[in-house]
Amino acid sequence: MGLFLKNRVASNALWIIAGRVIQSLLALIVGTQTARYLGPSNYGLISYAASIVAFVVPIMNLGFSNVLVQEITNYPEEEGKIFGTAILLSFFSAIACIVGVSVYTFVVDVNQSITNAVVILYSIMLIFQAFELIQYWFQAKLLSKYMSIVSLIAYSLVSAYKIFLLAKGANVYFFAVSNSLDYFLIAIALYVIYKKLGGQRFSFSREVASRMFNNSKHYIVSSLMVTIFAQTDRIMLKLMINESTVGYYSAAVTCAGLSSFVFAAIIDSMRPSIFAHKKNGNTERYEISLARTYCMVIYLALAQSIVMTILAHYIIGILYGAEYSPSINALRIIVWYTTFSYMGSVRNVWILGENKQRYLWILNFGGAIANICLNALLIPIWGIYGASLASLITQIFTNIFMNIIVWPLKDNNRLIWKGLNPVLILSLLKKK
């Protein structure tokens, strides 16, 4: 049984990685060409809109994205109620968030009609993100090959649309709304496949809503705090300097995250088996699975950081061109935060498995405060390099030192220490 589960996990991970490799290549090609076409100012404007919308995503999905896999693992007979309830509540939350984003941009970006329009158009994607929650059914069932194929086809179509926009010389408004099309296609296709595979009919249940919200409510505030220290830098750069600096900084962040799909695939594919071991009371396998996940994430991220630091000049030059040269040193700084960021993602899996969600807001509140203070201090001195350094320090503080400060999370430090043993990666290939 253990070997069968391991094979399914490996196959699931390969499908996720394969789909995201191709999707990321398309995103890289189309995204960099779009950045070149729009220039640092308009590219920065799109990035600014993305950051504003990212702030409300945790409110939009009500923390459900963090608990749906565990919900369906623990209550497989209620999958229709679980996903129907989650999608319906997230849909209404998305409408409220779009209204909130619109009010924000009219108040903060007063008399900036282009900025107002771009932010509102970009926020439309929230509606379709609510329906995309169904992807977690495929994750829980280890059927990610369907999700990977659908995402790839949808993204290919949207990429073709963006290429058409580039060829036609379209304005920034069309690019702002293009991401909504991607989420729309994915949501429709995943629902059709869900029904074809015998998924239960969606329905709403107050009991299920109460149970899920009881588990997910901790993630709303904590995810909002994460968003603050992930997006504050861009918003502060725009407000304190200009859109172009946001464009330079966004180019560096994009390059640092080029392989993020690999880490997301590793964590997503390991999550169902981790929860299964926890549910079955197999503490040894549960901890080994977590330590292996840490091990893969840490060493892959460190290798990526070394390579990108050395080749930053060529990476920015080839992908974005000489116009984005200020992004080079920003990339050399910011790429090192990826190791600590992905470690935080693994820790969140452990926190859910241990039912310690109530500590998430403390962790992320500390990170949010640190990020705001560091950006306020360093941006006026070093601009985008100050923002890059602020992000790096924030990730180290939040994902290493906060584990020590918040004492109930001390056991996670033991798993991190165990994950530093590279032999754990090789053990994945051996039969237990």
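Everything numeric here is computed off the predicted structure, so don't read it as measured data. (Residues numbered from 1 in each chain as written. Predicted model: local features only at pLDDT ≥ 70, side-chain atom pairs only at ≥ 80, totals over all residues. Heavy atoms only, no water.)

**Quick notes on helix 12 (residues 283-319)**
In this model, helix 12 (37 residues) spans only 46 Å end to end at C-alpha, well below the 54 Å of a helix rising 1.5 Å per residue. Its axis deflected by about 75 degrees at Leu 311, helix 12 carries its strongest bend there. Note on helix 12: the residue one or two positions beyond its end, Gly 321, has a positive phi of about 95 degrees. (Helix = DSSP H or I, 4+ residues; strand = E, 2+ residues; numbered from the N terminus. Expected span 1.5 Å × (residues − 1). Bend = angle between axes of the 7 residues up to and from the residue.)

**Some remarks on the packing of helix 12 against helix 14 (residues 337-353)**
Running from N to C, helix 12 and helix 14 cross one another at 165 degrees; their axes reach a closest spacing of 8 Å. One element, helix 12, and the other, helix 14, form an angle in the roughly antiparallel class. Considering how the two elements wind past one another, helix 12 and helix 14 form a crossing that is right-handed. Where helix 12 approaches helix 14, its residues Tyr 286, Leu 290, Thr 293, Tyr 294, Val 297, Ile 298, Ala 301, Leu 302, Gln 304 and Ser 305 are matched on the opposing element by Thr 338, Thr 339, Tyr 342, Met 343, Val 346, Arg 347, Val 349, Trp 350 and Gly 353. Across the contact of helix 12 with helix 14, the residue classes tally to 12 nonpolar, six polar and one charged. (Axes fitted to C-alpha atoms, helices over the stretch in contact; angles between N-to-C directions. Parallel < 35°, antiparallel > 145°, perpendicular 65-115°, else oblique. Left-handed = near helix turned anticlockwise from the far one by under 90°. Contact = heavy atoms within 4.5 Å. Nonpolar A, V, L, I, M, F, W, Y, C, P; charged D, E, K, R; others polar.)

**Some thoughts on the environment of Asn 348**
Note that Asn 348 resides in helix 14. On the basis of relative accessibility, which here comes to 25%, the residue Asn 348 falls in the partly exposed class. Sequence spacing of Asn 348 and Leu 360 is 12 residues, and the spatial spacing of their C-alpha atoms is 8.2 Å. In contact with Asn 348, other than residues within four places in its own chain, are Tyr 219 and Leu 360. (Buried < 20%, exposed > 50% of the residue type's maximum accessible area, 1.4 Å probe, protein only.)

**A look at the pattern of salt bridges**
Two side chains that carry opposite charge are able to pair once their charged atoms sit near each other. Counted by the stated rule, this structure contains six salt bridges. The shortest N-O distance in the salt bridge between Arg 414 and Glu 287 comes to 3.1 Å. Of this pair, Arg 414 sits in helix 17 (residues 410-419) while Glu 287 sits in helix 12; the two residues are 127 residues apart in sequence, bridging distant segments of the chain. Residue Lys 418 is joined to Glu 287 by a salt bridge in which the shortest nitrogen-to-oxygen separation is 4.0 Å. Taken together, the residues Lys 418 in helix 17 and Glu 287 in helix 12 connect sequence positions 131 residues apart. (Salt bridge = Lys/Arg side-chain N within 4 Å of Asp/Glu carboxyl O.)

**A few points about the environment of Asn 421**
On the secondary structure map, Asn 421 appears in the loop between helix 17 and helix 18 (423-427). On a C-alpha basis, the gap between Asn 421 and Glu 243 in space is 44 Å, while along the polypeptide they are 178 residues apart. Setting aside its immediate chain neighbours within four residues, Asn 421 contacts Cys 295 and Tyr 299.

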